[in-house]
Amino acid sequence: MAEKRDIRRGPGIRTVEINAARQVHARTVRARIPIDIGAIDSQEPATSTAISAPRFVQPALPQSSRQPSAAHSHVRHTCNNPRNPPCAHCGTMIVPSPVATLPLEDHPSLTINNWTISTKKKPILNSQELEDWENNKLKGLTLPEMIFGNSFVRIQEKTRNWSIEFNALDALREVKLKDSGIRVSYSKKWMDSKQQKQRQQQRLSIALGSSQPLSDIDDSALQIARHYDWTYTTKYKGTETSGSKKYKFKKDDSQTLPIDKLARPDHILFYDDMILFEDELADNGISIFNIKIRVMNERLLLLSRFFLRVDDVLIRVVDTRIVVEFDENKVIREYKEMEGDYKTLLTKHKMSHSHDPKAALRDSNWVAANIPLITRECEILNLNDPN
Amino acid sequence: MNCNNSGKTYMVTLEGTRQMNLDKIIILLKQGKHIREDCVYSLCIQAQELLMNESNVTHVDTPVTICGDIHGQLHDLLTLFEKSGGVEKSRYIFLGDFVDRGFYSLESFLLLLCYKLRYPDRITLIRGNHETRQITKVYGFYDEIMRKYGNSNVWRYCCEVFDYLSLGAIINERVFCIHGGLSPDITTIDEIRSIDRKQEVPHEGAMCDLLWSDPDEVDTWSLSPRGAGFLFGKGEVDQFLQTNNIELIARAHQLVMEGYKEMFDGGLVTVWSAPNYCYRCGNVAAVLTIDGQLERSYTIFDAVQSQNGMGHTIIPTKKPQMDYFL
Ligand SMILES: [Mn+2]
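Residues numbered from 1 in each chain as written. Chains lettered and ligands numbered in written order. Predicted model: local features only at pLDDT ≥ 70, side-chain atom pairs only at ≥ 80, totals over all residues. Heavy atoms only, no water.

This part covers the overall build of chain A. Check the secondary structure of chain A and you find nine helices and 15 strands. Considering only residue pairs separated by 6 or more positions, chain A has 67% of its internal contacts joining residues 24 or more positions apart. In the structure as shown, chain A presents an accessible area of about 18,300 Å², 51% of it carried by carbon and sulfur atoms. (Helix = DSSP H or I, 4+ residues; strand = E, 2+ residues; numbered from the N terminus. Contact = heavy atoms within 4.5 Å. Areas by Shrake-Rupley, 256 points an atom, 1.4 Å probe, with all protein chains shown as cover.)

Structure representation (structure tokens):
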């Protein structure tokens, strides 16, 4: 079999396309810069001008007037990856800059005192890796379509050798290897029609005195071959490692996240957003596991979210939030499960507004704010005083 | 305007004028420019007339290039043509899923339609499970049309074309092309010819299976754990190949990091032609060329990228907004 493999750059794209691509790119970069939203639109590069040299909106240097002066006079973080500039104390936040040529990879990292935050983004698993996961690491599970299996978010405390990481493999290890009981909305109709067809052909077969069945489907065809939770629901809360047994989370549901402090528009030093796995459920909705992290001078917030929508059936959100207070060396972890009936939620949204009510059901933020809470748990880890 | 670029000389007739217009539209589409609603309407009507005459399973001669899912990634579709010879020189079969997910579903679909009208014998379009009203309403094409036109007319015109697309193709009587896979209701390719295809893809039955089913390591026909949809294994593929005296089933429908994946001792191949799917998967894409001796050769290509001023390349992402999430 002849194989022609050529992934070199082509002769280039048309000017018009380059301009369009530039706009998308400029928007992408700008979106990462913590400036006030009002300033964004005016910076759009002109569409009609075909320019030979790339003209990009450079990340604006923060104007000191915009910065809380305390944060600036007290710089204590270091950028650990020179590929992810500019952060020379502190040009601006760290801009993760994935290199899109294969292998696509990005590995930004930031240190504040004894805390190091790093993320890594790589493409979806290749066939060889998938085979390994399917046959060894996650035996019995039919894997989701897109697995960013070499990507992760990691928060490390160096002096005590404690860390928590979020990765796809550990998240998928918590997917149950049994029937979820959930079926797509038209399942009954589909099954009925197949069964009817089966019966028809059996009758026909008998009438013709044939010993051979006329159809390929026998009873086994309407049986599920492999049982696993096809919605990929995971209760994963992160993977901890610790040099000592005393550094363990303690359950304390009375704890709450410092929402007032987190809601403050403190300067963001590091921001990332990544998907660990995703499946389109054969176009019956979505199952997606996503991590967001933002690091400020005094604390960080990580949100790990599993979002499931089975069209016309149900919606489910599993959120884990982690807050690290750098000065107190304190970690709080809050875990929430939420679930609601699709139609009830749709009705709820219809009452509020909008010509496209289903759009809200694609927005995990709207959903999370509007579906019933099933479980909430909170844990705390005080590294200064673990007992 | 040059009317001779297909290799034939056209007289300035009504037909010539039509081709000239098509060439103009093709240029606009390649640049991602807006196409007027009445123009889309006329294209769709012409396409329906053309597709109406095609059978459910179209015969195609070698050499031919088989392409998998496109999903509105117009710039990558242009790369595809560039890397594989172009429609002016080569023959193509597209296995469906032209729309949804990407930012340029309309332009991608219309470009393929224009090529079909301009070079009818060089391009075969097969229906994918996304070429339906129900799916496009959820997965982006409908929203894209509302954004670009402020009303859904263009979406309706396109959906009417979807209903006329072929269900499959057969190359030199030896390679069977389909979007999804096999159906337990279909033993011979001839049985596909009796399906009434001019309708919205139903939720059950042979037409649905052909567009939706997936190959898997299963011993026999089995039900997906989702409660609808079939999985088929090597046994089913071998039997289908033998019954129909063919050597390969070429299908699309599933994302493959390497752009293509052969299964069941080479009896089935999945071809995927949307590189860096959804602008974030980092996969390469492939097309499969079948030559006169039925030899297979794969052409791999990468996504179109934009570069930033510092020489770093950044992939446009759908949701890059940094926000003060809580
Ligand atoms: Mn598909």
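Structure shown, so let's carry the discussion forward.
Of regular secondary structure, chain B possesses 10 helices and 16 strands. By residue count, 64% of the 326 residues in chain B fall in the buried class. In the form shown here, chain B has an accessible surface area of approximately 11,300 Å², with 50% of it arising from carbon and sulfur atoms. (Buried < 20%, exposed > 50% of the residue type's maximum accessible area, 1.4 Å probe, protein only.)

What follows concerns the coordination of the manganese ion. Residue and element names in this part refer to chain B. Bound to the manganese ion on the protein side are Asp97 (OD), Asn129 (OD1), His179 (NE2) and His253 (ND1), at distances that span 2.1 to 2.3 Å. Ordering the donors of the manganese ion by residue number gives the pattern D-x31-N-x49-H-x73-H. With a gap of 32 residues between them, Asp97 in the loop between β3 (92–94) and α4 (105–118) and Asn129 in the loop between β4 (123–125) and α5 (133–138) connect regions that are remote in the sequence. Judged by its relative accessible area of 1%, Asn129 is buried. (Donors = N, O, S within 2.8 Å, 3.2 Å for Na, K, Ca; no water.)

Time to look at the packing of helix α2 (residues 37–52) of chain B against helix α7 (residues 153–162) of chain B. All names here are of chain B. With their axes 9 Å apart at the nearest point, α2 and α7 run at an angle of 10 degrees to one another. Compared by their axis directions, α2 and α7 come out roughly parallel. Every residue of α7 that contacts α2 at Glu37, Val40, Tyr41, Cys44, Ala47, Gln48 and Leu51 is listed here: Asn153, Val154, Tyr157, Cys158, Glu160 and Val161. The residue inventory of the contact of α2 with α7, partitioned by class, reads nine nonpolar, two polar and two charged. (Axes fitted to C-alpha atoms, helices over the stretch in contact; angles between N-to-C directions. Parallel < 35°, antiparallel > 145°, perpendicular 65-115°, else oblique. Nonpolar A, V, L, I, M, F, W, Y, C, P; charged D, E, K, R; others polar.)

The next point concerns the confidence of the model for chain A. Residues and elements named next belong to chain A. Here chain A shows a mean pLDDT of 77. Residues at 70 or above account for 69%. Helix α4 (residues 168–173) holds the highest mean pLDDT among the elements of chain A, 98, whereas strand β1 (residues 2–5) holds the lowest, 44. Considering only residues more than four positions removed or in separate chains, one finds that residues 28–73, a stretch of pLDDT under 50, has 68 contacts. Segment residues 97–103 is flagged for pLDDT under 50; beyond a separation of four residues in sequence, or across chains, it makes 23 contacts in the model. (pLDDT = per-residue confidence, 0-100.)

Moving on: the pattern of salt bridges. Enumeration over the complete set of coordinates arrives at 45 salt bridges over all chains. Note that Glu157 of chain A is salt-bridged to Arg160 of chain A, the shortest N-O span being 2.8 Å. Residues Glu157 of chain A and Arg160 of chain A agree in their burial class; the two are buried. Salt-bridge contacts for Glu144 of chain B lead to Lys148 of chain B; the nearest nitrogen and oxygen are separated by 2.8 Å. (Salt bridge = Lys/Arg side-chain N within 4 Å of Asp/Glu carboxyl O.)

Before going further, it helps to examine the environment of Asp100 of chain B. Residues and elements named next belong to chain B. Assignment of secondary structure puts Asp100 in the loop between β3 and α4. Between the alpha carbons of Asp100 and His71 there is a distance of 5.2 Å; along the sequence they are 29 residues apart. Leave out the neighbours within four places in its chain, and Asp100 touches His71, Gly72, Ser105, His130, Ile135, Thr136, Tyr139, Gly140 and Phe141. Of note is the side chain of Asp100, whose polar atom sits 2.6 Å from the side chain of His130. (Polar contact = N/O pair within 3.5 Å; in protein donor to acceptor, adjacent residues only side chain to side chain.)

Turning to the sheet that holds strand β11 (residues 260–263) of chain B, a few remarks are in order. Residue and element names in this part refer to chain B. Spatial ordering of the open sheet is given by β1-β5-β6-β10-β12-β11, a layout of six strands whose pairing is mixed. Two strands bound the open sheet, and with one partner strand each, they are β1 (57–60) and β11. Taking the axes of each pair of neighbouring strands and ignoring which way they run, one obtains an average angle of 20 degrees across the sheet. (Pairing = 2+ DSSP bridges.)

Residue and element names in this part refer to chain B. This prediction gives chain B a mean pLDDT of 89; 89% of its residues lie at or above 70. Taken as a whole, residues 1–12 scores under 50 in pLDDT and shows 19 contacts with residues more than four places along the chain or in a different chain. For residues 307–320, every residue scores under 50 in pLDDT, and the model assigns this stretch 37 contacts once sequence neighbours within four places are set aside. Two summary scores accompany this predicted model of the complex, namely pTM at 0.80 and ipTM at 0.84.

The next thing to look at is the sheet that holds strand β6 (residues 152–157) of chain A. Residue and element names in this part refer to chain A. Reading across from one edge, β2-β3-β4-β6-β7-β8 is the order of the six strands in this open sheet, with antiparallel pairing throughout. A strand with exactly one partner marks an edge of an open sheet, and here the two such strands are β2 (77–79) and β8 (239–242). Ignoring which end each strand starts from, the neighbouring axes of this sheet average 15 degrees apart. For strand β3 (residues 109–112) and strand β4 (residues 115–120), the ladder comprises four bridges, and the chain directions are antiparallel. Along β4, the bridge assignment pairs Ile112 with Trp115.

The subject of this paragraph is the state of the cysteines. What the rule picks out here adds up to zero disulfides over all chains. No disulfide involves Cys281 of chain B; its sulfur sits 5.9 Å from that of Cys278 of chain B, the nearest cysteine. (Disulfide = S-S within 2.5 Å.)

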